[in-house]
Amino acid sequence: MKPYSYTISKPSEIEGVIRAFRSLGAKGCSLLISIFTSYTKAEGLQKMVDALSLSFPEAEISGMTSSVCIEQGVNRTGKIIILFEVFKKTYIHTICFDHEPGKEEAVGCAVMSEIAKISEPLCGIEILASQSDDHFSDFTPFLNVLTRELPTTLPVWGALADSQTWPDHTYVFSKNYISSAGLAIRVYTGEISIMLNHVLGFRPLSRPLTVTAMDGPMIIKELDHKPAVYYYDKYIHTPDFQEQSLPFPLLQLADGYVQAHLPQGRTLNGGILFNIRCTVGTEMRLSYVDPELILAETKKIWEQMHAFGGESTHILSCAARYQFLNKNLGDVLANYNHVTPSFGIYAHGEIYRAGQRLVAAHLTGNVAVFREAEEAQQKDVSYNPVHLTQHMSHLLQMATFVSTAMKELEETQDALQFAATHDSLSGLFNRGAMEKYLAQYVKNNAGIGMPLSAIMIDLDHFKTINDTYGHSIGDAVIRTLADLMKKHTAGRGYAGRWGGDEFLIILPGSTLETAEMLSIHMKDALLHAHVLPDDSPVSASFGVTIARPGKLEQSFYKRVDNALYTSKENGKNRITIFDANGTAKALTMQETGDW
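No experiment lies behind these values; they were computed from the predicted model shown.

(A) Spotlight on the overall build of the chain. For the chain, the helix and strand inventory stands at 16 helices and 33 strands. Here the C-alpha atoms of the chain give a radius of gyration of 33 Å, more than 25% beyond the 25 Å that 2.2 N^0.38 yields for 595 residues. Seen through its C-alpha atoms, the chain measures out along the principal axes to roughly 100 × 55 × 50 Å. Residues counted as buried form 54% of the 595 residues belonging to the chain. Long-range pairs, those at least 24 residues apart, make up 78% of the contacts in the chain between residues at least 6 apart in sequence. When the accessible surface of the chain is summed, it comes to about 25,900 Å², and 51% of that surface belongs to carbon and sulfur atoms. Across the chain, the mean location of the 51 positive side-chain charges is 1 Å away from that of the 65 negative side-chain charges.

(B) Representation of the sheet that holds strand 12 (residues 182-190). In space, the 6 strands of this open sheet follow the order 7-12-8-9-25-26, with mixed pairing throughout. Unpaired on one side and paired on the other, strand 7 (90-98) and strand 26 (357-361) mark the two borders of the sheet. Averaged over neighbouring strand pairs, the angle between their axes works out to 20 degrees when direction is ignored. Here strand 9 (residues 156-160) runs beside strand 25 (residues 350-354); their pairing, made up of 2 bridges, is antiparallel. If you follow Gly158 over to strand 25, its bridge partner there is Ile351. Across the face of the sheet, helix 3 (residues 104-116) comes into contact with strand 7, strand 8 (122-129) and strand 12 while running at roughly 150 degrees to strand 7.

(C) Structural context of the state of the cysteines. Evaluated as defined, the whole model comprises 0 disulfides. For the unlinked cysteine Cys278, the closest cysteine sulfur is that of Cys318, found at 17 Å. Just so you know, Cys318 is unpaired, no disulfide at all, and the nearest cysteine sulfur is the one on Cys69, 15 Å from it.

(D) Summary view of unusual backbone geometry. Of note in this structure, Gln72 is not a glycine but carries a positive phi near 50 degrees. Since its relative accessible area comes to 32%, Gln72 is described here as partly exposed. Of note in the backbone geometry, His225 takes a positive phi value of approximately 65 degrees without being a glycine. Tracing the chain through its elements places His225 in the loop between strand 16 (219-223) and strand 17 (226-227). The class of His225 is exposed, set by a relative accessible area of 62%.

(E) Fine view of the sheet that holds strand 13 (residues 193-199). With mixed pairing, the 6 strands of this open sheet are ordered in space as 5-4-24-23-27-13. The open sheet has two free edges, formed respectively by strand 5 (74-77) and strand 13, since each of these has just one partner strand. Along the sheet, successive strands turn relative to each other by an average axial angle of 20 degrees, direction set aside. Pairing between strand 13 and strand 27 (residues 365-371): 7 bridges, direction antiparallel. Paired with Ser193 across the bridge in strand 27 is Arg371. Contacts from helix 7 (residues 291-308) reach strand 13, strand 23 (312-318), strand 24 (342-347) and strand 27, with the element oriented near 170 degrees to strand 13.

(F) Structural view of the side chain of Thr364. Residue placement: Thr364 occurs in the loop between strand 26 and strand 27. Apart from the residues within four sequence positions on either side, Thr364 is in contact with His198, Val199, Leu200, Leu316, Ser317, Cys318, Arg321, Glu350 and Tyr352.

(G) Inspection of the packing of aromatic side chains at higher detail. Within the structure shown, the criterion is met by 16 aromatic pairs. Ring plane angle 85 degrees and centroid distance 4.9 Å describe the contact between Tyr230 and Tyr231, whose orientation is recorded as edge-to-face. Ring centres 4.1 Å apart and planes at 20 degrees place the aromatic pair Tyr437 and Tyr494 in the stacked group. Separated by 57 residues along the polypeptide, Tyr437 in helix 11 (residues 431-448) and Tyr494 in strand 29 (residues 494-499) bring together distant segments of the chain. Grouping aromatic residues by their ring pairs yields a cluster made of Tyr4, Tyr6, Phe21, Phe56 and Phe84.

(H) Spatial organisation of helix 4 (residues 140-149). Taken together, the buried positions of helix 4 are Pro141, Phe142, Leu143, Val145, Leu146 and Thr147. Along its buried surface, helix 4 packs onto helix 3, strand 8, strand 12, strand 25 and strand 26.

(I) Spatial organisation of a negative patch on the surface. Together, Glu408, Glu410, Glu411 and Asp414 make up a negatively charged patch on the protein surface. Its location among the elements puts Glu411 in helix 10 (residues 390-421). Given the relative accessible area of 46%, Glu411 is considered partly exposed.

(J) Representation of the packing of helix 13 (residues 471-489) against helix 14 (residues 512-527). Interaxial distance between helix 13 and helix 14 falls to 10 Å at its minimum, and their mutual angle equals 145 degrees. Judged by the sense of rotation from one axis to the other, the crossing of helix 13 with helix 14 is right-handed. The segment helix 13 lies against helix 14, with Thr480, Leu481, Leu484, Met485 and His488 engaging Leu518, His521, Met522, Ala525 and Leu526. Residues that form the contact of helix 13 with helix 14 fall into these classes: 7 nonpolar, 3 polar and no charged.

(K) Fine view of the pairing of strand 25. Within strand 25, 5 of the 5 residues are buried, which leaves it mostly tucked inside the rest of the structure. Of the two faces of strand 25, the one lined by Glu350, Tyr352 and Ala354 and the one lined by Ile351 and Arg353 are each fully buried. Connecting the antiparallel pair strand 25 and strand 26 is a turn made up of 2 residues, with Gly355 showing a positive phi of about 70 degrees.

Criteria and cut-off values
- Residues numbered from 1 in each chain as written.
- Predicted model: local features only at pLDDT ≥ 70, side-chain atom pairs only at ≥ 80, totals over all residues.
- Heavy atoms only, no water.
- Helix = DSSP H or I, 4+ residues; strand = E, 2+ residues; numbered from the N terminus.
- Rg over C-alpha atoms; globule rule 2.2 N^0.38 Å.
- Buried < 20%, exposed > 50% of the residue type's maximum accessible area, 1.4 Å probe, protein only.
- Contact = heavy atoms within 4.5 Å.
- Areas by Shrake-Rupley, 256 points an atom, 1.4 Å probe, with all protein chains shown as cover.
- Lys, Arg positive; Asp, Glu negative; His and termini not counted.
- Charge placed at Lys NZ, Arg CZ, Asp CG, Glu CD.
- Pairing = 2+ DSSP bridges.
- Axes fitted to C-alpha atoms, helices over the stretch in contact; angles between N-to-C directions.
- Disulfide = S-S within 2.5 Å.
- Phe/Tyr/Trp six-rings, centres within 6.5 Å; stacked < 30°, edge-to-face > 60°.
- Patch = residues over 30% accessible without salt bridge, like charges linked within 9 Å, V, L, I, M, F, W, Y side chains within 5 Å.
- Salt bridge = Lys/Arg side-chain N within 4 Å of Asp/Glu carboxyl O.
- Left-handed = near helix turned anticlockwise from the far one by under 90°.
- Nonpolar A, V, L, I, M, F, W, Y, C, P; charged D, E, K, R; others polar.

Just geometry here; none of it tells us what the structure is for.
Okay, here's the thing in structure tokens:
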């Protein structure tokens, strides 16, 4: 494939573009004409499409509006970009549909019905979308249909149209179709490879905030039971909300992937308007732009583009990225264009695959690289460093300060959390933490019937050890038993110091037989640990039990405590097992080992 591009200022100049391209005599099996335009009058757009359709009836034609367009790696404002892509082994099918609030899922089903009529294997799907103020659709149901029906390995990406007067005068269009609330979907078939990448470049700033109230699917009314704008006022002071909230979106972690929600405005009751869906219970964090992260991610994409060796690139990037990165993006785009000719627009929302799920989000840079050649056509070029403007350099310094300070705070918080939940001597969970886990898993056992076993341990003659050898040796004995408990319960459950010389192990999902074998191993290992100065053995008594499946047992702890008491009363240095019905089985020293 080969791209050819032209820049014009107004629709009346389209005839010159047609003559220039025709003079090249470019030949192929198919032709895709993309129009990326800052011009937003519907009649002018239609005239350009009609002129191109008349001159190239075999071509697939589609496009969208944007306040800033990209041609050959250069940002163009107030211009119209006409991109001709000549393919040798690839075919494009264009599907167009209007959408409206409440019918997005039905539109998704209709689109899939049209895609199903295409007989050739699918290679990729590019979604150009628009939405107006009176047709503010939620794209999530539409994308959920595509997620469900399309192969997860199929490249799918897209963007929402933008304009200087958004949401007015934003369009997508194709032959005989133009809509301010529509979809122009390009389906690529044939023999083409498409490499997708997306870049974000934001880091969390605030603590986690939970969405506690919504006003429809697009307005977050409350975060942690406070008006949503409260946190913008608290952290960053936003008298001009629309402008000053731009570098501080809300980040959502979903399915292991980060999505950015960019505020579109505030409501009278303190809510925040978005143009992508959110739900009650979603966890968000206020975030900030990190120039260093953006540069690192864009360089990584450049390296992948260079290795892929593509022939043309479509960039669908968020308009907000252009607003606060502006001149710095010129260096980034120039690097991309040195590897592969790059074209595209700045959008008012982006569509990409987060894991297996297709999502609509903000502040993302989508990069789609095309290659018909079987092997990578790598160019002998190197990456040129991106030189930050003074403004971005200051922002980088501030971002570095914030991220370092936050890391220190998180480390301090982790240390405090560990101290609050762990015993300082043994490093095991403390009694408070173990009581919490015990209550949680007793409840789980009752609700879903998951097996739950427990082991209670008491060091034999521990007072005598302290009196005879000193407390430092007593501490060493506790640490030795604690290490054995950690070793044998790793990945199985929770080990804690219940108090003094008593210890508790909770084993969610483990059978009584598993708990018995672990007790035997720990008991034997302790006896052979050689902790005491004169090499005398250290023994312990064990109590083991299991919960009744599907029962909310308040007596579960009492039963494991009784099992331990039975071991101590019957000579210590032994294991007593109570089954779910309270029937006892005792293992003596001789039954658990030969010493």
